[in-house]
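Observations on the three-dimensional arrangement
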Amino acid sequence: MRVYSPEFDYLYNITSFLKLQEVKRYTGTSILTLVIAVSEDAAYYLQKNGWIVMDDGDPYIIKHIKQGLEEITVTAYGGHQLLKQRVTVPATGQYAIERTGSADAVVKYFINQSKRGLPLVTAAVQGGVSISDQSRLKNLGDEVERVLSGAGRGEKYTFDADNKQIVFDTYLGVDRSVGNADDKPPVV
């Protein structure tokens, strides 16, 4: 995994750690907990609001660093945490942000209207069942989670090092529960 500054400048590649726990969520904020020895070189490069990027490209923003005598515990949050920092504010003269289209199109429109300075871009819009939705003065992260959960879609964040930004996209999950309707092999 790689460490980047808050400005997306590459700093260090972490090759050893004491413990790593990654909790990925279909929608909402994923959480990464990393424990490294104080003596590790990586300790020098970890900083609040910096980024840890996993080998699969998933970005995590560092929010908490706790240093003990022998180890450092870092807690970082997935890209959804960026959305939690904004509120859906309609354009001047409008009551709400309104959109009709696929759930993917609706949330990407909400994000593009509300991101105000976040290093976040949206991928191309995907099709799907058409819905109409609106939002006014609500937490952007909560609104994205609400719309995607209702449509059965998940959210994906990818780190774009070349353009120094995070790319947001949605995806349709596969039901792998025992006895699923599509007869897909279950995950145990």
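What comes next concerns the included structure. (Residues numbered from 1 in each chain as written. Predicted model: local features only at pLDDT ≥ 70, side-chain atom pairs only at ≥ 80, totals over all residues. Heavy atoms only, no water.)

Right, let's get into the overall build of the chain. Summing up its helical and strand segments, the chain has 4 helices and 12 strands in all. C-alpha extents for the chain along the principal axes are approximately 55 × 50 × 30 Å. For the chain, buried positions account for 42% of its 188 residues. Looking at the chain alone, contacts between residues at least 24 apart form 58% of all its contacts between residues at least 6 apart. About 10,200 Å² of surface is accessible on the chain, with carbon and sulfur atoms providing 48% of the total. (Helix = DSSP H or I, 4+ residues; strand = E, 2+ residues; numbered from the N terminus. Buried < 20%, exposed > 50% of the residue type's maximum accessible area, 1.4 Å probe, protein only. Contact = heavy atoms within 4.5 Å. Areas by Shrake-Rupley, 256 points an atom, 1.4 Å probe, with all protein chains shown as cover.)

Considering all chains together, one arrives at 8 aromatic pairs under this definition. For the ring pair Phe8 and Phe159, a centre distance of 5.5 Å and an interplane angle of 45° mean the geometry is tilted. Here Phe8, found in the loop between strand 1 (2-4) and strand 2 (10-13), pairs with Phe159, found in strand 11 (residues 153-160); they are 151 residues apart in sequence, far enough to count as distant. On the basis of relative accessible area, Phe8 is assigned to the buried category, the value being 7%. (Phe/Tyr/Trp six-rings, centres within 6.5 Å; stacked < 30°, edge-to-face > 60°.)

Okay, the nonpolar core next. Counting residues in hydrophobic clusters, the biggest one holds 24 residues, and the most contacted among them are Trp51, Leu83, Ile111, Leu120, Val144, Ile166 and Phe168. Elements with a minimum of two residues in this core: strand 5 (51-53), helix 2 (80-83), helix 3 (103-114), helix 4 (140-151), strand 11 and strand 12 (165-172). Contacts of Leu120, omitting those with residues within four sequence positions, involve Leu82, Leu83, Ile111, Lys115, Tyr157, Ile166 and Phe168. (Core = buried A, V, L, I, M, F, W, Y, C linked by side-chain atoms within 4.5 Å.)

A word on helix 4. The end-to-end C-alpha distance of helix 4 is 17 Å, a good match for the 16 Å that 12 residues give at a rise of 1.5 Å each. Those residues of helix 4 that fall on the buried side of the exposure criterion are Leu140, Gly141, Glu143, Val144, Val147 and Leu148. Seen from one end, helix 4 has its buried residues packed into an arc of 165°, which puts them on one side. Packing partners of the buried residues in helix 4 comprise helix 2, helix 3, strand 10 (131-135), strand 11 and strand 12. Near the N-terminus of helix 4, the side chain that reaches the backbone nitrogen of Gly141, with its oxygen 2.9 Å away, is that of Asn139. Gly152 sits one or two positions beyond helix 4 and adopts a positive phi of about 70°. (Expected span 1.5 Å × (residues − 1). Arc of directions from axis to C-beta. Polar contact = N/O pair within 3.5 Å; in protein donor to acceptor, adjacent residues only side chain to side chain.)

As a further point, take the pattern of salt bridges. The tally for this structure, following the rule as stated, stands at 9 salt bridges. Between Lys156 and Asp58 there is a salt bridge whose closest N-O contact spans 2.5 Å. In this pair, Lys156 is assigned in strand 11 and Asp58 in the loop between strand 5 and strand 6 (59-67), connecting sequence segments 98 residues apart. Of the charged contacts, one joins Lys108 and Asp169 as a salt bridge, the two residues approaching to 2.7 Å between their closest N and O atoms. (Salt bridge = Lys/Arg side-chain N within 4 Å of Asp/Glu carboxyl O.)

The interhelical angle for the contact between helix 3 and helix 4, taken along N-to-C directions, is 175°, at an axis separation of 9 Å. On the basis of the axis angle, helix 3 is roughly antiparallel to helix 4. Contacts between helix 3 and helix 4 involve Ala103, Val106, Val107, Phe110, Ile111 and Ser114 from the former and Leu140, Glu143, Val144, Arg146, Val147, Leu148 and Ala151 from the latter. Across the contact of helix 3 with helix 4, the residue classes break down as 10 nonpolar, 1 polar and 2 charged. (Axes fitted to C-alpha atoms, helices over the stretch in contact; angles between N-to-C directions. Parallel < 35°, antiparallel > 145°, perpendicular 65-115°, else oblique. Nonpolar A, V, L, I, M, F, W, Y, C, P; charged D, E, K, R; others polar.)

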